[in-house]
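Inside the fold
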Amino acid sequence: ARMTAGFCWEWSKNTKTDGTLYEDVIIGEYSRPWNARPEARKLAKNIPKATLWASDPNGIDQIGCVYTAQGFEFDYVGVIFGKDLVFDMETQSWIGKKDNSGDTVVRRSKDFLSLVKNTYRVLLSRGLKGCYVHFMDKETENFIKTRMEHVFY
């Protein structure tokens, strides 16, 4: 199993002096680090390189983004659905919110909405046996629940 998230939290550029990762994703009392950056060199013994996050058992304690999760499947995946993509019930449309994205390349794109939709499509499709989702936006959560055949609590 792995936890993933939309790219809605800043990703620390460096590791701590001991080679561990900063806990960048914070939601209330829950906090975890993103997986290691691809360019990270001096990682602590139990921190896998970015390319190994999906397969190394120690990746379980970190949150992966679309760049490290795509191309992999897990028995179970957790997805934190951020506020970079929200559903507006009044207009019945998806809205991409660039200000809530930490992905500078995607944020600069003229096709932001399409790219961020694809991000969540990739993340939500990584679990072979199941997918658990936490929504940062309640309206988006309520919309998705109306589209589900079965809701498991």
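Residues numbered from 1 in each chain as written. Predicted model: local features only at pLDDT ≥ 70, side-chain atom pairs only at ≥ 80, totals over all residues. Heavy atoms only, no water.

As a further point, take the pattern of salt bridges. Inspection of the entire model under this criterion finds four salt bridges. A salt bridge links glutamate 39 to arginine 37, with the shortest nitrogen-to-oxygen separation between them at 3.3 Å. Given the relative accessible area of 43%, glutamate 39 is considered partly exposed. The partner of lysine 145 in a salt bridge is glutamate 141, and the shortest N-O contact between them spans 3.3 Å. Here the residue lysine 145 and the residue glutamate 141 both occupy positions in helix H4 (residues 138-146), the gap between them amounting to four residues, near one helical turn. The class of lysine 145 is partly exposed, set by a relative accessible area of 30%. Connected through salt bridges with shared partners, the residues Lys138, Glu141 and Lys145 form a single ionic network. (Salt bridge = Lys/Arg side-chain N within 4 Å of Asp/Glu carboxyl O. Buried < 20%, exposed > 50% of the residue type's maximum accessible area, 1.4 Å probe, protein only. Helix = DSSP H or I, 4+ residues; strand = E, 2+ residues; numbered from the N terminus.)

Over the atoms, a rolled probe matching the size of one water molecule traces out where space is still vacant. Inspection of the entire model under this criterion finds one cavity of 30 Å³ or more. What the largest cavity holds in volume is close to 60 Å³. Residue composition of the lining of the largest cavity, grouped by class: five nonpolar, two polar and two charged. (1 Å grid on protein atoms, 1.4 Å probe; cavity = no way out; pocket = protein on both sides within 12 Å on 5 of 7 lines; lining within 4 Å. Points joined across faces, edges and corners; volume = space filled by probe spheres on them. Nonpolar A, V, L, I, M, F, W, Y, C, P; charged D, E, K, R; others polar.)

A separate point is the sheet that holds strand E4 (residues 63-64). Across the sheet, four strands lie side by side as E4-E1-E5-E8; this open sheet has parallel pairing. Strands at the two margins of the open sheet, each flanked by one partner only, are E4 and strand E8 (127-135). Lying over the sheet, helix H3 (residues 112-124) contacts strand E1 (2-5), strand E5 (74-81) and E8, oriented at roughly 145° with respect to E5. (Pairing = 2+ DSSP bridges. Contact = heavy atoms within 4.5 Å. Axes fitted to C-alpha atoms, helices over the stretch in contact; angles between N-to-C directions.)

What follows deals with the packing of aromatic side chains. Taken as a whole, this structure holds twelve aromatic pairs when the rule is applied. Both rings, one in tryptophan 53 and one in phenylalanine 74, keep their centres 5.9 Å apart while their planes meet at 80°; by these two values the pair is edge-to-face. In this pair, tryptophan 53 sits in the loop between strand E3 (30-32) and E4 while phenylalanine 74 sits in strand E5, placing the two residues 21 residues apart along the sequence. Assigned by exposure class, tryptophan 53 and phenylalanine 74 land together as buried. Pairing tryptophan 94 with phenylalanine 143 gives two aromatic rings, centres 5.7 Å apart and planes at 85°, and the pair type is edge-to-face. A residue pair is termed long-range when its members are at least 10 positions apart, and tryptophan 94 in strand E7 (residues 93-96) and phenylalanine 143 in helix H4 qualify at 49 residues. These aromatic residues form a ring-pair network of at least three members: Phe81, Phe87, Trp94, Tyr120, Phe135 and Phe143. Its end group placed over the ring of tryptophan 53, arginine 2 keeps NZ or CZ at 5.8 Å from the ring centre. Over the aromatic face of tryptophan 11 sits the side chain of arginine 37, whose NZ or CZ is 4.7 Å from the ring centroid. (Phe/Tyr/Trp six-rings, centres within 6.5 Å; stacked < 30°, edge-to-face > 60°. Lys NZ or Arg CZ within 6 Å of the ring centre and 35° of its normal.)

Attention shifts here to H3. In a regular helix each residue adds 1.5 Å, so 13 residues correspond to 18 Å; H3 covers 18 Å between its end C-alpha atoms and thus fits that length. Of all the positions in H3, only Phe112, Val116, Thr119, Tyr120, Val122 and Leu123 are classed as buried. Along the axis of H3, the buried residues cluster in a sector spanning 160°; they form a single face. Contacts made by the buried residues of H3 are with E1, helix H1 (66-69), E5, strand E6 (85-88), E7 and helix H2 (104-108). (Expected span 1.5 Å × (residues − 1). Arc of directions from axis to C-beta.)

Next up on the list: the nonpolar core. Formed by 16 residues in total, the largest nonpolar core has its most connected members in Tyr120 and Leu123. Going through the elements one at a time, H1, E5 and H3 are the ones with two or more residues in this core. The element contributing the most residues to this core is H3, with five residues. Excluding residues that lie within four positions of it along the chain, leucine 123 makes contacts with Thr4, Ala5, Gly6, Cys65, Val66, Ala69, Val77 and Val79. Ala5, Trp9, Ile27 and Trp34 belong to the second-largest nonpolar core, a separate cluster that totals ten residues. (Core = buried A, V, L, I, M, F, W, Y, C linked by side-chain atoms within 4.5 Å.)

Everything listed here is a matter of geometry and, on its own, says nothing about what the molecule does.
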